[in-house]
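Chain by chain, the residues:
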Amino acid sequence: MKPLGKWMKKERLGVLLLAGLLLLIIALPTGGEEEQDGGDIQEDRSQSGEEQDWETRMENRLVQVLEQVQGVGKAEVFLTCEGTQEKIVEKDETETVYERDSRGNQTPYVSEERYPQVTGVLVVAEGGDNPVVIKDIQEAVQVLFQVEAHKIKVMKMN
């Protein structure tokens, strides 16, 4: 028993305990790389959906606003856009900066979002035969989307 007692001194026991803990930490899978790869694929799939959502939201919002204008009546809007929605990810020199949510999931830190540029607008409205209403609609679209007047078409709804 003496040789075992001599070997189990406090200092040696502490070193063995720390070495075992270190081996345990190294052996545990982190799953960080697997989550990042899956996240990138999910972002690519949802990005086209987000672009669709942005265009649809803008069309719906423009319809809501135009229908409040006197003389426009019921309206439908179609937007044509150039480019795609982009999320600019923050990078620290060469590595992407990540943020963690409350559940510990990592997502890239988005420093800026760029939306598609509207290149043309078609508005079909009940009041689309009135020149004053057409001018009001064109001016509203120009202000909201920075589109030239010749790229805006207003038509009368059936």
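Residues numbered from 1 in each chain as written. Predicted model: local features only at pLDDT ≥ 70, side-chain atom pairs only at ≥ 80, totals over all residues. Heavy atoms only, no water.

With respect to helix α4 (residues 131–145)
In plain terms, the rule: A run of H or I in DSSP becomes a helix once it reaches four residues, and a run of E becomes a strand once it reaches two; helices and strands are each numbered from the N terminus. Helix span, as expected, comes to 1.5 Å for every residue beyond the first. Pairs of N or O atoms within 3.5 Å make up the polar contacts considered here, provided that, within protein, one atom can donate a hydrogen while the other can accept it, and that residues adjacent in sequence are counted only when both atoms are side-chain atoms.
When the terminal C-alpha atoms of α4 are compared, their 21 Å separation across 15 residues agrees well with the 21 Å that a helix rising 1.5 Å per residue should span. Regarding α4, its N-cap is Asn130, as a side-chain oxygen of that residue lies 3.0 Å from the backbone nitrogen of Val132 further along.

As for the pairing of strand β9 (residues 152–156)
Using the following cut-off: A pair of strands counts as paired when DSSP detects no fewer than two bridges linking them.
Bridging between strand β8 (residues 117–125) and β9 involves five bridges; their strand directions are parallel. Opposite Val123, over in β9, you have Val154 as the bridge partner.

A look at the confidence of the model for the chain
Condition: The pLDDT score gives, residue by residue, the confidence of the prediction method on a 0 to 100 scale. Here, two residues are considered to be in contact whenever any of their heavy atoms come within 4.5 Å of each other.
Chain-level statistics for the chain give a pLDDT mean of 79 and a share of 79% at 70 or above. Least confident of the elements in the chain is helix α1 (residues 2–7), whose mean pLDDT is 58; most confident is β9, at 95. Note on residues 34–48: pLDDT under 50 across the span, and five contacts to partners over four residues away in sequence or across chains.

Here's the deal with a nonpolar patch on the surface
Worth spelling out the cut-off: Like-charged residues within 9 Å of one another, or nonpolar side chains (Val, Leu, Ile, Met, Phe, Trp, Tyr) within 5 Å, are grouped into patches, provided each residue has over 30% relative accessible area and no salt bridge. For every accessible area listed, the method is Shrake-Rupley and the probe measures 1.4 Å; residues are considered covered only by the protein chains on display. Put simply, a salt bridge is a Lys or Arg side-chain nitrogen that is within 4 Å of an Asp or Glu carboxyl oxygen. Exposure is judged per residue with a 1.4 Å probe applied to protein chains only, and the accessible area is read against the type maximum: over 50% gives exposed, under 20% gives buried, and values in between give partly exposed.
There is a patch of nonpolar side chains on the surface, built from Leu18, Leu21, Leu24, Ile25 and Leu28 and spanning about 520 Å² of accessible area. You can see Ile25 is positioned in helix α2 (residues 10–27). Accessibility expressed as a relative area gives 54% for Ile25, which makes it exposed.

What to know about the packing of aromatic side chains
Formally: Pairing of aromatic side chains here covers Phe, Tyr and the six-membered ring of Trp, requires ring centres within 6.5 Å, and sorts the geometry by plane angle: under 30 degrees stacked, over 60 edge-to-face, intermediate tilted.
Taken as a whole and judged by the stated rule, the model has one aromatic pair. Centre to centre, the rings of Trp54 and Tyr115 are 5.6 Å apart; their planes meet at 15 degrees, and the pair counts as stacked. Of this pair, Trp54 sits in helix α3 (residues 32–66) while Tyr115 sits in the loop between β7 (110–114) and β8, and the two are 61 residues apart along the sequence.

Side note on the side chain of Glu59
Let me state the cut-off plainly: Neither His nor the chain ends contribute to the count of charged residues, in which Lys and Arg are positive and Asp and Glu negative.
As for its placement among the helices and strands, Glu59 is situated in helix α3. Here Glu59 sits buried without a salt bridge, and the closest side chain of opposite charge, Arg57, lies 11 Å off (N-O distance). Those residues in contact with Glu59, other than ones at most four positions away along the chain, are Val77, Phe78 and Leu79.

Topic: the sheet that holds strand β1 (residues 75–82)
Rules: For every element, the axis is a line fit to its C-alpha atoms; helices are fit only across the contacting stretch, and the angle between N-to-C directions ranges from 0 to 180 degrees.
Pairing in this open sheet of three strands is mixed, and the strands run β1-β8-β9 from one edge to the other. Edge strands, defined here as strands with exactly one partner in the open sheet, are β1 and β9. For this sheet, the mean inter-axis angle between neighbouring strands, taken without regard to orientation, is 15 degrees.

Re the nonpolar core
As a rule of thumb, nonpolar side chains are buried together in soluble globular proteins. Worth spelling out the cut-off: What we call a nonpolar core is a set of buried Ala, Val, Leu, Ile, Met, Phe, Trp, Tyr and Cys residues that are connected through their side-chain atoms within 4.5 Å.
Val77, Val121, Val123, Ile137 and Val141 are the most contacted members of the largest nonpolar core, which has 19 residues in total. Of all the elements in the fold, those that place two or more residues in this core are α3, β1, β8, α4 and β9.

Notes on the environment of Val133
Within the secondary structure, Val133 sits in helix α4. Distance in space between the C-alpha atoms of Val133 and Val154 is 9.2 Å, their sequence separation being 21 residues. In contact with Val133, not counting residues within four places along its chain, are Gln70, Gly71, Val72 and Gly127.

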